[in-house]
Amino acid sequence: KREEALKELEVLEKNCQNLPLNLEYESFKELPLSLLTQQGLQQSNYIEMTEIQRKAIPLALRGRDVLGAAKTGSGKTLAFLIPVIESLYRKSWTQLDGLGALVIAPTRELAIQIFEVLRKIGRKHSLSAGLVIGGKNVDVEQERINRMNILICTPGRLLQHMDQTVNFKCDNIQVLVLDEADRILDLGFEKTINAIIENLPKERQTLMFSATQTKSVKDLARLSLEDPEYVSIIEDS
Ligand code: ADP
Ligand code: MG
């Protein structure tokens, strides 16, 4: 059983590294995703990919940094959550490995929405996930935060924990996601994001999504992404 599992990981890793990017993938099941993710997607009725998912997920599975722009409602959440789950799964991430991925969203409401999608499609996985969004007792968050593999956060509260929570370790982060980067910047979180990124290992994957490609979004991308692929689904108007 254990051998089979290791074999699956090995095959997945190889298939991701060699994933052809010139093909038009249409459904999730054409991608080298874990069985657990495939089941989670199926049970959530996610079958065909949206356009941003088709373009961003294969790149992200190959380990590239991605800057994706697509309007609200185009399916950006799965475009980053699937690569996050798969990255940790392929590394056999367990509770003992601690925090492996951070997702930063501009508001509590958006963070909660992302968390709900993660719970749906990640239901078969044994990774732990938590919300760090303020509004709750900071002590309660402090106690739980160290047991999480994936955290969905708002910028201010995350930085607060980085500054104040003993044992809050970010040095094992594999993937950073900045969702709705344009709104994060509009809300005045630029300095906060920069301070957060300074606390993260340089060797990581970064996925950044935005509804618009403003100059400030591009500036932030220059600072936080490495040799990114730009994926833009902006319709002509
Ligand atoms: P965005 O972040 O770009 O605004 P969301 O990720 O919130 O978009 O997705 C918008 C809606 O589309 C959600 O209701 C989501 O469940 C649905 N959705 C996303 N991807 C798919 C898909 N591949 N198939 C069917 N529905 C999808
Ligand atoms: Mg979104």
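Structure's up top.
Predicted, not measured: the structure shown is a model, and the values here were computed from it. (Residues numbered from 1 in each chain as written. Chains lettered and ligands numbered in written order. Predicted model: local features only at pLDDT ≥ 70, side-chain atom pairs only at ≥ 80, totals over all residues. Heavy atoms only, no water.)

As for the packing of aromatic side chains
Scanning the entire structure with this criterion turns up one aromatic pair. For the ring pair Phe80 and Phe209, a centre distance of 5.8 Å and an interplane angle of 45 degrees mean the geometry is tilted. Here Phe80, found in helix α4 (residues 76-90), pairs with Phe209, found in strand β6 (residues 205-210); they are 129 residues apart in sequence, far enough to count as distant. Classification of Phe80 by relative accessible area gives buried; the value is 0%. (Phe/Tyr/Trp six-rings, centres within 6.5 Å; stacked < 30°, edge-to-face > 60°. Helix = DSSP H or I, 4+ residues; strand = E, 2+ residues; numbered from the N terminus. Buried < 20%, exposed > 50% of the residue type's maximum accessible area, 1.4 Å probe, protein only.)

A word on the side chain of Ser128
With respect to the element layout, Ser128 can be found in the loop between α5 (108-121) and β3 (129-132). Reaching out from Ser128, the side chain makes a polar contact with the backbone oxygen of Arg147 at a distance of 2.9 Å. For Ser128, the residues in contact, after removing those within four places along its chain, are Gln95, Arg147, Met148, Asn149 and Ile150. (Polar contact = N/O pair within 3.5 Å; in protein donor to acceptor, adjacent residues only side chain to side chain. Contact = heavy atoms within 4.5 Å.)

Considering the packing of helix α7 (residues 155-164) against helix α9 (residues 190-198)
The description of two packed helices rests on the angle between their axes and on the distance between the axes. At a closest axis distance of 9 Å, the pairing of α7 and α9 adopts a crossing angle of 40 degrees. Accordingly, the angle class assigned to the pair α7 and α9 is oblique. Taken as a pair, α7 and α9 cross one another with a handedness that is left-handed. Only Thr192, Ile193, Ala195 and Ile196 of α9 make contact with α7, whose side of the interface consists of Pro155, Gly156, Leu158, Leu159 and Met162. Across the contact of α7 with α9, the residue classes tally to seven nonpolar, two polar and no charged. (Axes fitted to C-alpha atoms, helices over the stretch in contact; angles between N-to-C directions. Parallel < 35°, antiparallel > 145°, perpendicular 65-115°, else oblique. Left-handed = near helix turned anticlockwise from the far one by under 90°. Nonpolar A, V, L, I, M, F, W, Y, C, P; charged D, E, K, R; others polar.)

Don't take any of this as a statement about function, it's just geometry.
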